[in-house]
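So the chains spell out like this:
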Amino acid sequence: STSTKASSSSSENLQYPSSQARKESFHFFHGVRDTDWKIMKSKVASHSNHQHPDTPTLHQDEAPHWYASNFDPNFSCLHEKRVSVSGGLGDGGKWVCDPH
């Protein structure tokens, strides 16, 4: 209900009223402490997109090999969860960010 959503939102605002994560993510991330947000940002800033930065196109004609060597995730949610379709159909499970 709307009143439940409003009360949960207002209590969240009281818990982290000036959250940097909330501001800098345009309100996408809620309830992330400033110290945790700073660590998450630091990990992203120090991350290299390429395993071989001097030759980023190495193995570009071999898609599986290239993707395994480039663009690893540099950001992780605090509460990620793997979800899958029962029966194992499709290309496997997916990771979702903060599914609560």
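A.B. asks: Report on the overall build of the chain, specifying residues and quantitative values.
C.D. replies: Assigned secondary structure in the chain consists of four helices and two strands. The secondary structure elements of the chain, listed N-terminal to C-terminal, are α-α-α-α-β-β. The buried share of the chain, reckoned over its 100 residues, is 14%. Considering only intrachain contacts with a sequence separation of at least 6, the fraction spanning at least 24 residues in the chain is 19%.

A.B. asks: Can you tell me about the confidence of the model for the chain, naming the residues and giving the values?
C.D. replies: Of all residues in the chain, 74% have pLDDT values of 70 or greater, and the mean over the chain is 74. Note that pLDDT drops below 50 for residues 2-13; the model gives that stretch three contacts with residues more than four away or on any other chain.

A.B. asks: Could you give an account of the side chain of Ser19, with specific residues and numbers?
C.D. replies: Examined against the element boundaries, Ser19 turns out to sit in the loop between helix H1 (2-15) and helix H2 (20-24). Classification of Ser19 by relative accessible area gives buried; the value is 4%. A distance of 3.2 Å separates a polar side-chain atom of Ser19 from the backbone nitrogen of Arg22. A distance of 3.3 Å separates the side chain of Ser19 from the backbone oxygen of Val32, its partner in a polar contact. In contact with Ser19, not counting residues within four places along its chain, are Val32 and Asp34.

A.B. asks: Explain unusual backbone geometry to me, using residue names and the numbers behind them.
C.D. replies: Of note, the phi angle at Phe26 is positive, near 55°, even though the residue is not glycine. The residue Phe26 is located in the loop between H2 and helix H3 (34-45) in this model. The phi dihedral of His27 falls on the positive side, at around 70°, and the residue is not glycine. In this fold, His27 is placed in the loop between H2 and H3. Overall, the relative accessible area of 49% leaves His27 in the partly exposed class.

Analysis parameters
Note on numbering: residues in each chain are counted from 1, in written sequence order. Owing to the predicted nature of the model, reporting of local features is limited to residues with pLDDT of at least 70; listing and counting of side-chain atom pairs is limited to 80 or more, with chain, interface and lining totals taken over all residues. Side-chain numbers come from the whole structure's heavy atoms, not from hydrogens or water. A run of DSSP states H or I qualifies as a helix once it reaches four residues; a run of E qualifies as a strand once it reaches two. Both are numbered from the N-terminal end. The cut-offs for exposure are 20% and 50% of the maximum accessible area for each residue type, with area from a 1.4 Å probe on protein chains only; residues under the lower value are buried, those over the upper are exposed, and the others partly exposed. The contact definition used throughout considers only heavy atoms, calling two residues in contact when any of these lie within 4.5 Å. The predictor reports its confidence for every residue as pLDDT, a score running from 0 up to 100. Pairs of N or O atoms within 3.5 Å make up the polar contacts considered here, provided that, within protein, one atom can donate a hydrogen while the other can accept it, and that residues adjacent in sequence are counted only when both atoms are side-chain atoms.

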